[in-house]
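# Secondary and tertiary structure notes
Chain by chain, the residues run as shown.
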Amino acid sequence: MRSVKPLVNDFSIHVATVNGSGSQTANNVLLRSILQMGVPVSGKNLFPSNIAGLPTWFTIRVSEKGYIARVEHNDVLVVMNPETAAADVAMMGPGTLIIANDSIKMPEIPADRLVYRVPMAKLMEPITKDVKLRRLVVNMIYVGVVGGLTGIDVAEVEKALDAQLGRKPKAMELNLAAVRAGYEYAAANPPASPVPCRIERRELTRNRLLIDGNTAAALGALFGGVTFVSWYPITPSSSLVEALMGLLEKHRRDPQTGRATFGVVQAEDEIAAIGMVLGAGWAGARSMTATSGPGISLMAEFFGYGYYAEIPGVVWDVQRVGPSTGLPTRTAQADLSFAYTIGHGDTTFPVLLPGSVGECFEFGGKAFDFAERLQCPVLVLSDLDLGMNNWMTEPFEYPAKPFDRGKVLDDAALEKVAKFERYRDVDGDGIPFRTLPGAKSEKGVYFTRGSGHDEAAHYTESPVVYARNMDRLARKMQTARSLLPAPELRESPGAEVGLIAFGSSHGAMVEALDQLKAAGVDASYLRVRALPLHAAVHAFVERHPRVYVIEQNRDAQLTERLRMECPAKAGAIRHVLHYTGLPLDARTVTDGILAHEGVPVTEGASR
Amino acid sequence: MSATTTPPAGQPVNRIGLLKADYDGRKTTLCPGCGHNAITGGIIQAAWEAGLEPHRVAKLSGIGCSSKTPAYFLGRSHGFNAVHGRMPSIATGVSVANRGLTLIGVSGDGDSASIGMGQFVHLVRRNVPVVYIIENNGVYGLTKGQFSATADVGSTRKTGEANRLMPIDLCALAIELGCGFVARSFSGDQKQLRPLLKAAFSHPGTAILDVISPCVTFADHEGSSKSYAAVKEHDAPLHDIEYVPYFEDITVDYEPGTTRDVDMPDGSRVVLKKLEVDYDPTDARAAIDALHDARQEGKFVTGLIYANPKAVPFGEELRLVEEPLASLGEDDLRPPKSVLDGIMASYLEGSVSASGGGG
């Protein structure tokens, strides 16, 4: 048994349970309790493609320094699933704590791990006689035991439980009894050696809340004035639309008249979903859908059409690993290249890349502004990690700017112009004016079709006119470069190493920067927030002798784009890739960069 | 709007002061003699007679010969020539975004019965308000005469090859899905087509009009079941049709017991004059029987096959506000700051949003 000092506010708890066993409430209560102790915390749910019965894991990272990325090694294990017990235990190193339901047959465990067995069935006996309830509530026993052993104030657990179940007194009573039973057992049965991890109260989480990216995106859409939503259920995007429907029903349906200022349609497939989005966008609605990789694959034809016909619409792609079946419940950033050029013909699309739940909220609203301003489908690439896990954040800020409805000529505006031509670039930014059906002025009428139209939207197959229109569309995407969110920059003056990442990699990147500094590597960091790339991205590449691009895909998709757009520096752009389906961890980033830099990697340098 | 300009003397205007020419579109580019051109003419005439306000109409289509036609009528209305088989989803989005528009969707048998079958049936089951015209000729014209899914068993291509697969009857399908207005007609029978179109314009939900429209280039030969000659020979009208709009004070004199009326919610009336049999268009089972019998006999029943104008249209199903969603402003759409603050406070107090499994 190691006799080193316990890890205070800097460790990770891994809970191994069975999908559908009700462990989610228990894990969320644990998460909230630690947050209420004033200590930064993050939670990641690793779940199978299954509703009930298969193994599932939940990892809680406690980090006084505010690190929120996944870690490769855990310090506390809670064993609730007999199926995976042996493999779960085998992952635990020396000096770790293993808490197990004593009914589970455990493998041989080396003596330098602290094993703490809890007679959970026995503890549940006085709480309820209902066998089904026992199975659900037993999870609260481990909450109590973890809390008792690591020093979480029981009052914080009770408060967190109240926030989750306070409206259901019966459930509250049962769960509370189980939590207390866990605490009492831990108090009455001190472990054989000191507990290696402790939580001590801090003041680091004032004004911080926990929320997942999909809910944040839904809130963003609500405050962004969404009026039309069409969708086809697909993990991991379904919870975005489910959350949005709840919000719209509550805040956008008149309680007196029952009338709604929104329409939500569950479509027959993703092709219909985007068709409806484009139909509504054409008619002037702020329209959106949410899907994942298979969905945008089906939408490809309509994306191409939307680009050519210049119709606004917002598509959230909450990315997951490749095709189902297999890893549809794991995370990835592998749709980037496809999303950017999706469609037939010469097409590129604005792609927003939120890197936090705060940006999911912000882009959730602004995506409509960009779509209506740029008159084309806009993609927002989130991922399963960002979308479905709970992240600590400051409260979201109310949007400061009014909606940008783009270049729309209504009847009053049509009165003032000599003539209206749908596809004429009047002011040089590549973006034409549009009108909406229903406008009275005959001047505003036009006919929408795919590739064969002139500036006045009349049918033509003229080669000259076609090429001219394509050049204008290219100009429009140039306008997009500076209109879309600029990259976020953490410059270390004079650093020779420049790191580039995007999306949910941000948590691991922040931590990796500190690890690299400790290893003697001084690096600047740029987080890309949109495609097409902002000029500031090119400038960052130009001024750093060595650039490393960190991405969660196999094919180095952003790297390839940067090499194409910065050809003189192509040889200086290298990558660190992570594509296991698990969220990115800082050590992978750090070790990858140290290897490129020729700095020896020290084993166990993860802390 | 242009209705305020004085029309040339002597030329008739409709109830909103427009000439028939005001409903014209661009010149057709389809083959001379194409049945679709006759349907285009029917739409122009019917829209003029019904007094549709052009700016309140949106013309939508998919891909195919038929889908080109919205460019050829109602030149003062917005048009949207979309992608193959996907007009129904476009129509659904447009309809929800702006309830005030009358949607005229034009599709073909390839567009609706093959590539777009999924969207067709789902549009019908949602009862999206659109006048959905299928210009049905049993062949793919633009790709030079391949069979479509509505080709009849035994009908031949120009090459002599016969179709052996069962045709899909879009009218029967629509009736099964609860469509409140299902009609079949023939592009060569304007007398029947126009009142059907006008009735469809006053129907509040999905109105399906399957119009047999011979392809002069690829399916007008001996052996084709949808040639002009074959359709004329096998056309079996269920009734004679008269449409009495709510804005005209017309009494139609028929002998008592010889007609059936279908009352439209806007106060218009469809008067069906009985032929050999007394056909009841409100009986869905009888309608399916009629379609089935006709197929057995190698005939096309035409007329108003099924009507239930009271079926709840999609906008009502969603309980939308009357004003088009597209015209709502920021005050209507962005909840005040207090709402966001309240939501954030609930999270600060301990709410944790639910994520979760599935696949």
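From a predicted model like this one, the values you see are computed outputs, not experimental measurements. (Residues numbered from 1 in each chain as written. Chains lettered and ligands numbered in written order. Predicted model: local features only at pLDDT ≥ 70, side-chain atom pairs only at ≥ 80, totals over all residues. Heavy atoms only, no water.)

## Description of the overall build of chain B
Rule in force here: Strands here are runs of E lasting at least two residues and helices are runs of H or I lasting at least four, both read from the DSSP assignment and numbered beginning at the N terminus. Only C-alpha atoms enter the radius of gyration, while the globule expectation follows 2.2 Å times N to the 0.38, with N the number of residues. With a 1.4 Å probe rolled over the protein chains alone, any residue whose accessible area is under 20% of its type maximum counts as buried; one over 50% counts as exposed, and the rest are partly exposed. Whether two residues are in contact is decided by their heavy atoms, any of which lying within 4.5 Å being enough.
Scanning chain B for helices and strands turns up 12 helices and 13 strands. A globule of 359 residues ought to have a C-alpha radius of gyration of about 21 Å, and chain B, at 22 Å, matches this closely. Principal-axis analysis of the C-alpha atoms places the extent of chain B at approximately 80 × 60 × 45 Å. In chain B, which comprises 359 residues, the proportion classed as buried is 57%. Of the contacts made within chain B by residues no fewer than 6 positions apart, 69% connect residues no fewer than 24 positions apart.

## Observations concerning the domain arrangement of chain A
All names here are of chain A. For clarity, the threshold we go by: Residue ranges for the domains trace back to a domain assignment, done automatically or taken from a database. Buried area, as used here, totals the accessible surface that two parts lose on assembly, with accessibility defined by a 1.4 Å probe and the loss added over both.
What the domain assignment reports for chain A is domain 1 (7-204), domain 2 (211-393), domain 3 (411-483) and domain 4 (488-597). A straight line from the C-alpha centre of domain 3 to that of domain 4 covers 39 Å. Between domain 3 and domain 4, the contact holds four residues from the first and five residues from the second. Counting the surface lost from both domain 3 and domain 4, the interface buries some 340 Å², and carbon and sulfur atoms represent 53% of this. Among the residues domain 3 hides against domain 4, the three largest losses belong to Met477, Arg481 and Ser482. Together they make up 93% of the total.

## Digging into the packing of aromatic side chains
Residues and elements named next belong to chain A. In plain terms, the rule: Pairing of aromatic rings covers Phe, Tyr and Trp, the last counted by its six-membered ring, and requires centre-to-centre distances within 6.5 Å; plane angles under 30 degrees mean stacked, over 60 mean edge-to-face, and any other angle means tilted.
For the structure shown, the criterion picks out 14 aromatic pairs over all chains. Here phenylalanine 223 and tyrosine 398 contribute two aromatic rings whose centre-to-centre distance is 5.9 Å and whose plane-to-plane angle is 80 degrees, an arrangement assigned as edge-to-face. Separated by 175 residues along the polypeptide, phenylalanine 223 in helix H8 (residues 213-223) and tyrosine 398 in the loop between strand S16 (390-393) and helix H16 (411-416) bring together distant segments of the chain. Assessed through its relative accessible area of 1%, phenylalanine 223 is described here as buried. With a centroid separation of 4.8 Å and 15 degrees between ring planes, the pair formed by phenylalanine 361 and phenylalanine 396 is classed as stacked. One end of the pair, phenylalanine 361, is in helix H14 (residues 357-374); the other, phenylalanine 396, is in the loop between S16 and H16, and 35 residues separate them in sequence.

## Brief notes about the sheet that holds strand S3 (residues 41-46) of chain A
Residues and elements named next belong to chain A. Put simply, the rule is: The pairing criterion for strands is at least two bridges between them, as found by DSSP. Axes here refer to lines fitted to C-alpha atoms; in helices the fit is confined to the stretch in contact. Angles between the N-to-C directions go from 0 to 180 degrees.
Within the open sheet, the six strands sit side by side as S3-S4-S2-S5-S6-S7. Their pairing is mixed. This sheet does not close on itself; its edge strands, each paired only once, are S3 and strand S7 (114-118). On average, each strand axis in the sheet is inclined to that of its neighbour by 15 degrees, with strand direction left out of account. Set on the sheet, helix H5 (residues 139-150) makes contact with strand S2 (10-18), strand S5 (76-79), strand S6 (97-101) and S7; between it and S2 the angle comes to about 165 degrees.

## Concerning the confidence of the model for chain B
Regions with low pLDDT should not have their predicted coordinates read in detail. Residue and element names in this part refer to chain B. What counts here: You can read pLDDT as the predictor saying how much it trusts each residue, on a scale of 0 to 100.
Taken over all residues, the pLDDT of chain B has a mean of 94, while the share at 70 or more is 96%. pLDDT under 50 marks residues 355-359. Its contacts with residues more than four places away, or in other chains, come to 19 contacts. Scored as a complex, the prediction yields pTM 0.96 and ipTM 0.96.

## Examining the pattern of salt bridges
All names here are of chain A. Where we set the bar: Should a side-chain nitrogen of Lys or Arg be within 4 Å of a carboxyl oxygen of Asp or Glu, the pair is scored as a salt bridge.
For the coordinates displayed, the defined rule picks out 56 salt bridges over all chains. Residue aspartate 369 is joined to arginine 286 by a salt bridge in which the shortest nitrogen-to-oxygen separation is 2.7 Å. Of this pair, aspartate 369 sits in helix H14 while arginine 286 sits in the loop between helix H10 (270-282) and strand S12 (287-291), placing them 83 residues apart in sequence. Under the relative-accessibility criterion, arginine 286 is labelled buried at 1%.

## Points about the pairing of strand S23 (residues 573-577) of chain A
Residues and elements named next belong to chain A. Inclusion rule: By the criterion used throughout, a crossover qualifies as right-handed when its path from the first strand across the helix to the second strand runs clockwise, the strands pointing away from the viewer.
Two elements, strand S22 (residues 546-551) and S23, share five bridges in a ladder whose sense is parallel. Paired with glutamate 551 across the two strands is leucine 577, which belongs to S23. Since S22 and S23 lie parallel, the crossover through helix H20 (residues 557-565) that links them has a hand, and here it is right-handed.

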